[in-house]
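Breakdown of the fold
As a plain string of letters, each chain reads:
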Amino acid sequence: MTAIATAGAFSLPISLCRSCKASKKGVKGGFRVFAVFGEENSLGPRDKKSSWGTLFDVEDPRSKVPQCKGKFLDVYQALELAKYDIQYCDWRARQDLLTIMLLHEKVVELLNPLAREYKSIGSMKKELAELQGELAQAHKQVHTSEARVSAALDKLAYMEKLVNGKLLEHKTKTESSVASPSSSMLTQSLDTVKGKSPRKSLDVSGPVQPYHPRLKNFWYPVAFSTDLKDDTMIPIDCFEEPWVLFRGKYGNPGCVRNTCAHRACPLHLGSVNEGRIQCPYHGWEYTTDGKCEKMPSTRLINVKIRSLPCLEQEGMIWVWPGDDPPVETLPSLLPPSGFEIHAEIVIELPVEHGLLLDNLLDLAHAPFTHTSTFAKGWTVPSLVKFLTPASGLQGYWDPYPIDMEFRPPCMVLSTIGISKPGKLEGQSTKECATHLHQLHVCLPSSRNKTRLLYRMSLDFAPVLKHIPFIHYLWRHFAEQVLNEDLRLVIGQQERMINGANVWNWPVAYDKLGVRYRLWRNAVEQGSKQLPFSKPM
């Protein structure tokens, strides 16, 4: 959820520098399971060199596991062991995937026309059959690894629950044994704080208020074009109203109210018939502009449901939910030149979209929050800064090689320089050999729900796009990072609803998040000239 999400920065060791060399690794020997760390035969080095070696060259964590056999473990030691289980399952899954990729490489080599000069058709068929058998076995191993990961995660969740119970019990005992501080001490402490230099704060507290109508007067991306087929529908919530997307007769996208005019049935439960969405209750059919053109079993009357202006550009579907006339131009959200899109993911999140944007526009939390994913191994800098023009919503992080921009009304774009897992390369993105580009779109579904559209692009390793089921891997990594953030942001939201100010004490590295809040306040107040934007 922070601006470094998925892919290269996610603890997946993407370090495919174009000049690097590494050795392949493959599976040999059996696979015997006694406990999670019970394998005796594992991956051995292959003689042939391959760039995939660097991509998956992660240390086997079993050498670091504390020797606990025959010992009684307390709950904390058991939790630590469960974490090693997760690390091992992660390493094992990488090796399984690498095996599949290497086998695919062998198939490509075997089918190379040059191979026909020194191999007969019969021998090629035999080798292909053997490779197919190995691939089938490797895919089976991947499924086994998935089951093991699931079991290990369940085990870890159980252990964390036990530890949290212990901590809560200890905290209760401690609080009951310590007398409350006197009022004079509290006053003295408060005076000390007040004696410091005055600070600026934003007031973002209390229950989330209904969205201001002015916030609706923008183009909002709501779906990826690839998800909206000719015969499919995508139900969405936007500003607490239900809508449904579908394609019209000539393939143009449309967005209508997801409620039939007849008996208020959800239209997305129906079907698309010749470019019209058909209600599943009595078969009424609506065009992309909301007009009802068919009413089976009764006389056709003039009925129309509300529709939104809807356009398609650069692989995304956009809507204009406001009452003002829509502007003619849409912002471009394509990655920079030289990048290829590798993943497009949509996730519904149980947090207000402003809190999610606050999180995405903050990188300083990474070495504290994302210690199990992309920021694993990061050192904590003595000073984190976000450097930006005096009037702007974009800039770059120091000391991280990351460029970031808030694009109104709800988009965050970032480019990250990548080197080795757990490390960041160079002092700026220009000094890095490989890069990850990200787009986060935070659509305000309701006051406690956000529809997140995530697009990931790389300027290296184009072959990753052709690996079978790779999109499942990207989604898994994205959800891992989001889950690290969600537990914190949901906690913020609960306290904000009860009156806490989530922007009580901004500091230097909060600059971009503060500017987003100032921009949003100006929109809701109806300012003629929005801050941090060019004059019209």
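Residues numbered from 1 in each chain as written. Predicted model: local features only at pLDDT ≥ 70, side-chain atom pairs only at ≥ 80, totals over all residues. Heavy atoms only, no water.

If you add up the space inside the second largest pocket, you get close to 910 Å³. Contributing to the lining of the second largest pocket are 31 residues, with Phe218, Pro408, Trp519, Leu530 and Ser533 lying nearest its centre. When contributions to the lining of the second largest pocket are tallied by element, the ones reaching two or more residues are strand E17 (402-407) and helix H8 (511-525). The residue inventory of the lining of the second largest pocket, partitioned by class, reads 16 nonpolar, nine polar and six charged. (1 Å grid on protein atoms, 1.4 Å probe; cavity = no way out; pocket = protein on both sides within 12 Å on 5 of 7 lines; lining within 4 Å. Points joined across faces, edges and corners; volume = space filled by probe spheres on them. Helix = DSSP H or I, 4+ residues; strand = E, 2+ residues; numbered from the N terminus. Nonpolar A, V, L, I, M, F, W, Y, C, P; charged D, E, K, R; others polar.)

The next thing to look at is the pairing of strand E19 (residues 434-446). For E19, a buried count of 13 out of 13 residues is recorded, marking the element as mostly surrounded by other parts of the structure. Examined bridge by bridge, strand E18 (residues 411-418) and E19 share eight bridges and lie antiparallel to one another. Its bridge partner lying in E19, threonine 415 is registered against histidine 437. Sheet topology note: the E19/strand E20 (residues 449-458) ladder contains ten bridges and is antiparallel. (Buried < 20%, exposed > 50% of the residue type's maximum accessible area, 1.4 Å probe, protein only. Pairing = 2+ DSSP bridges.)

Positionally, aspartate 459 belongs in the loop between E20 and helix H7 (470-497). Residue aspartate 459 is classed as buried on the basis of its relative accessible area of 16%. In the structure, aspartate 459 is positioned 121 residues away from glycine 338 in sequence and 5.7 Å away in space, judged by C-alpha atoms. A distance of 2.7 Å separates a polar atom in the side chain of aspartate 459 from the backbone nitrogen of histidine 435. (Polar contact = N/O pair within 3.5 Å; in protein donor to acceptor, adjacent residues only side chain to side chain.)

Two packed helices can be described by the angle between their axes and the distance between those axes. H8 packs onto helix H5 (residues 353-360) with a crossing angle of 150° between their chain directions and a minimal axis gap of 8 Å. The angle between H5 and H8 falls in the class roughly antiparallel. Handedness of the H5/H8 crossing: right-handed. Here H5 contributes His353, Gly354, Leu355, Leu357 and Asp358 to the contact with H8, which in turn contributes Gly513, Tyr516, Arg517 and Arg520. Residue composition of the contact of H5 with H8, by class: three nonpolar, three polar and three charged. (Axes fitted to C-alpha atoms, helices over the stretch in contact; angles between N-to-C directions. Parallel < 35°, antiparallel > 145°, perpendicular 65-115°, else oblique. Left-handed = near helix turned anticlockwise from the far one by under 90°. Contact = heavy atoms within 4.5 Å.)

Attention shifts here to the pattern of salt bridges. For the structure on display, the rule yields 18 salt bridges. Linking lysine 385 and aspartate 398 is a salt bridge whose minimum nitrogen-to-oxygen distance equals 3.7 Å. Residue lysine 385 is located in strand E15 (residues 385-387), and its partner aspartate 398 is located in strand E16 (residues 394-398); the two are separated by 13 residues in the primary sequence. Of the residues examined, aspartate 398 reaches a relative accessible area of 24% and is grouped as partly exposed. A single salt-bridge network, built from bridges that share partners, covers Glu274, Arg276, Glu285 and Glu293. (Salt bridge = Lys/Arg side-chain N within 4 Å of Asp/Glu carboxyl O.)

Within soluble globular proteins, side chains that are nonpolar tend to cluster in buried spots. If you look at the biggest cluster of nonpolar residues, it comprises 89 residues, and the most contacted ones within it are Leu245, Met316, Leu349, Trp397 and Trp474. Ranked by residue count, the leading element in this core is H7, at nine residues. Each of domain 1 (213-319) and domain 2 (340-525) contributes no fewer than three residues to this core. Ranked by size, the runner-up nonpolar core spans 16 residues in total, among them Met233, Phe246, Val256 and Cys265. (Core = buried A, V, L, I, M, F, W, Y, C linked by side-chain atoms within 4.5 Å. Domains from an automatic or database assignment.)

With antiparallel pairing, seven strands are arranged side by side in an open sheet as E14-E20-E19-E18-E17-E16-E15. Each having just a single partner strand, strand E14 (340-349) and E15 make up the two edges of the open sheet. Neighbouring strand axes in the sheet, compared pairwise and without regard to direction, differ in orientation by 20° on average. Contacts from H5 reach E14, E17, E18, E19 and E20, with the element oriented near 165° to E19. Sheet strands touched by H8: E15, E16 and E17. Its angle to E17, the strand with the most contacts, is close to 10°.

Among the structural elements, serine 446 can be located in strand E19. Among the polar contacts made by the side chain of serine 446, one reaches the side chain of asparagine 448 at a distance of 3.0 Å.

Along the chain, proline 335 falls in the loop between strand E13 (316-319) and E14. Accessibility expressed as a relative area gives 15% for proline 335, which makes it buried. Considering only alpha carbons, one finds proline 335 and leucine 439, 104 residues apart in sequence, at a separation of 8.2 Å. Ignoring sequence-local partners within four residues, the contact set of proline 335 consists of Ile341, His437 and Ser457.

Quick look at the sheet that holds strand E7 (residues 271-273) now. The four strands are arranged E7-E8-E9-E10 in an open sheet whose pairing can be described as antiparallel. This sheet does not close on itself; its edge strands, each paired only once, are E7 and strand E10 (292-294). Relative to strand E8 (residues 276-278), E7 runs antiparallel, the two sharing three bridges. Along E8, the bridge assignment pairs asparagine 273 with arginine 276.

We now examine the confidence of the model for the protein chain. In the predicted model, the protein chain carries a mean pLDDT of 79, and the fraction of residues at 70 or more is 74%. Contacts for the low-pLDDT stretch residues 1-49, under 50 throughout, to residues beyond four places or in other chains number 169 contacts. Segment residues 174-198 is flagged for pLDDT under 50; beyond a separation of four residues in sequence, or across chains, it makes two contacts in the model. (pLDDT = per-residue confidence, 0-100.)

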